[in-house]
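# Fold and contact review
Now for the letters of each chain:
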Amino acid sequence: MAVCGGCKFFVLTLRTLCGTSRSTSPCALPWTKHRTLSTSARTCSPDSFSPGTRKTPAQVGKPELITLSSGGVQRNLSAVAVPLHGQFRPLCRYDPLDLGDVDENTQKALACKHLRQFIVDPSLARIVTDHLAGDIEDGKAVIFECNPGPGVLTRALLNSGAQRVVALESDANFLSELKDLESKLEGQLDLVHCDFFKLDPIGHGSMKPPVMYSEKLFSDLAIPEVPWSADVPVKIVGIFSHRNERSIMWKLIYNLFERRSVYRYGRVELIMFFRKSEYMKLVARPRDYKNYLAYSVLWQMACDIELLHEEPLSSFLTISRSNKKSTSKITTSQSDNLCLVRITPREDLFNSHLTPLNGSTLVLMVKQCLAKRRRRLIEQINSWSPGSGSELNSKLCFIDNTMTGDVYPDEYKRLFELMEQSGNFTESWLYEEMLENTTHTGHG
């Protein structure tokens, strides 16, 4: 049938308009309960969790939420995201990047020379991006992906509409393919040969990639510092190494309280996979004397902690450093599951009494208190300044038998603020020992 020029124009216009509508997600993703950790002793019981404020597609019940409309793609980037020049790569389900299959991605991941976990299953990558749908649609923050390897999650993030992804890859074996992907996109992907977990090493001197200073990383990416009260400028996504997970978290907590390294640039958010055993310590509550550590108190004091998803370790590909063989088929217990956790620094963390200048002193105070969780708090305070324990206990409404392992994170912060206001602690050995440990990242 003959069609006139005007009709062709009408048909093309109609197709264009239809192309901008939201499409239904190609797969149904499992429902995951959200939990946001509350650290206030006044608002919850030791075992209670308040509901998370973020909605997941599972909670909303609309699978199309994980599909970004073309209108969402045109949102303006924030000041921290470099504007993209030229035409956007289509960020819709009609032109997705190929995520490959499990076998293909596994073969690529076997090029790794170190002990690492990888996401090689496209369905697992989609589960992660589903839980990041709100972050992606918001479009204000840059997404740093740690050690993408074969890039399965990288492509899933871009398919979901992420406006700017920075791939921080430490293994040179994966750089070539990621570089090829970067060259095909219109500025939405930046590849950096960098190990996020080795940023800002102690000491000075020239360094070779993947070791790097955060100042160079952020400068090269044109990401400026923003006030602590501003929106989250960067979201860091990845999998923590089982080998040194706790050490890395201690390094990060020191940097957070001192606003150094990545936290110099604002309230950088972690969205990372942790071992379930470490996650349970991270959110442990007072009177759990086995798991409630200084590590727990400091992270809960500084950040909102939200469980997004729990996944069996067998869903990931684990590369053994000795033989490079996949151990993903090994049967594991529930305690070996990995938990996807969002850790967001609190906007009200710092005030006139707690500042980046004395933040490391607070860290040391908490570490000393929690070294013995069944010790009376009044005795610990008196060890710093004899005779001050009763007065501070009274101001905090504590009884004399209150144990250090019974105190909530916000109460430790209040204790520190009261100590800062008192002149009795200025010359205490707490400060002297702190000065001797300013370069120590700590453990516990």
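Quick note: structure is the one above.
Anyway, here's the lowdown on the structure attached to this text. These numbers come from a predicted model, not from an experiment.

### Quick look at the environment of Ile319
- The topology assignment puts Ile319 in strand β9 (residues 317-319).
- For Ile319, a relative accessible area of 0% puts it in the buried group.
- Expressed as a C-alpha distance, the spacing of Ile319 and Ala109, which sit 210 residues apart in the sequence, is 8.0 Å.

### Examining the layout of surface pockets
- Considered as a void within the structure, the largest pocket measures approximately 610 Å³ in volume.
- Lining the largest pocket are 33 residues; nearest its centre among them are Arg116, Asn147, Ser170, Asp195 and Phe197.
- Mapped by element, the contributors of at least two residues to the lining of the largest pocket are β2 (116-118), β3 (142-146), α7 (152-159), β6 (234-239) and α10 (245-258).
- In terms of residue class, the lining of the largest pocket is made up of 18 nonpolar, eight polar and seven charged.

### Side note on empty space enclosed by the protein
- Summed over the entire model, instances satisfying the criterion amount to four cavities of 30 Å³ or more.
- Put simply, the largest cavity is a space of about 80 Å³.
- As for the largest cavity, its lining consists of Phe196, Phe197, Leu199, Ile248, Lys251, Leu252, Asn255, Ser261 and Val262.
- A per-class count over the lining of the largest cavity returns six nonpolar, two polar and one charged.

### Let's talk about the packing of aromatic side chains
- Across all of its chains, the model carries 10 aromatic pairs by this definition.
- On the basis of an interplanar angle of 75 degrees and a centroid distance of 5.0 Å, the ring pair of Phe273 and Phe316 is categorised as edge-to-face. On the criterion of sequence distance, the pair formed by Phe273 in strand β7 (residues 269-275) and Phe316 in the loop between β8 (303-311) and β9 is long-range, its members being 43 residues apart. Per residue, the accessibility class of Phe273 equals that of Phe316, and both read buried.
- Through successive ring pairs, a cluster of aromatic residues spans Phe196, Phe197, Phe240 and Phe274.
- The lysine or arginine in question, Lys367, covers the ring of Trp250, its NZ or CZ lying 5.0 Å from the ring centre.

### Structural notes on unusual backbone geometry
- Of note, the bond from Pro209 into Pro210 is cis; its omega dihedral lies within 30 degrees of zero at 15 degrees.
- Here Pro210 is to be found in the loop between β5 (189-193) and α9 (214-220).
- In this structure, Arg259 takes a positive phi of about 55 degrees despite not being glycine.
- The topology assignment puts Arg259 in the loop between α10 and β7.
- In the Ramachandran plot, Ser261 falls in the positive-phi region, its phi being about 55 degrees despite a non-glycine side chain.
- With respect to the helices and strands, Ser261 occurs in the loop between α10 and β7.
- Owing to a relative accessible area of 12%, Ser261 belongs among the buried residues under this scheme.

### Some words on the pattern of salt bridges
- Applying the stated criterion to the full structure yields 26 salt bridges.
- Here Glu169 ties to Arg116 by a salt bridge, and the two come within 2.9 Å at their closest N and O atoms. With a gap of 53 residues between them, Glu169 in strand β4 (residues 165-169) and Arg116 in strand β2 connect regions that are remote in the sequence.
- What makes Glu169 buried here is its relative accessible area of 0%.
- Looking at Arg116, the relative accessible area reads 9%, which means it is buried.
- Across the pair Glu391 and Lys395 runs a salt bridge, and its minimum N-O distance is 3.4 Å. One end of the pair, Glu391, and the other, Lys395, are both in helix α15 (residues 389-395), four residues apart, so they sit about a helical turn from each other.
- With a relative accessible area of 44%, Glu391 lands in the partly exposed category.

### Structural notes on the nonpolar core
- If you look at the biggest cluster of nonpolar residues, it comprises 75 residues, and the most contacted ones within it are Phe144, Phe196, Phe257, Trp299, Val366 and Tyr412.
- Looking at which element gives the most residues to this core, the answer is α10, with eight residues.
- Non-local contacts of Trp299, meaning those with residues more than four positions away in its chain, are made with Met249, Leu252, Ile253, Leu256, Tyr263, Leu270, Leu282, Ile305 and Ile343.
- Listed in part, the 39 residues of the second largest apolar core include Ile119, Leu132, Val152 and Val237.

Scoring rules and cut-offs
Residues numbered from 1 in each chain as written. Predicted model: local features only at pLDDT ≥ 70, side-chain atom pairs only at ≥ 80, totals over all residues. Heavy atoms only, no water. Helix = DSSP H or I, 4+ residues; strand = E, 2+ residues; numbered from the N terminus. Buried < 20%, exposed > 50% of the residue type's maximum accessible area, 1.4 Å probe, protein only. 1 Å grid on protein atoms, 1.4 Å probe; cavity = no way out; pocket = protein on both sides within 12 Å on 5 of 7 lines; lining within 4 Å. Points joined across faces, edges and corners; volume = space filled by probe spheres on them. Nonpolar A, V, L, I, M, F, W, Y, C, P; charged D, E, K, R; others polar. Phe/Tyr/Trp six-rings, centres within 6.5 Å; stacked < 30°, edge-to-face > 60°. Lys NZ or Arg CZ within 6 Å of the ring centre and 35° of its normal. Salt bridge = Lys/Arg side-chain N within 4 Å of Asp/Glu carboxyl O. Core = buried A, V, L, I, M, F, W, Y, C linked by side-chain atoms within 4.5 Å. Contact = heavy atoms within 4.5 Å.

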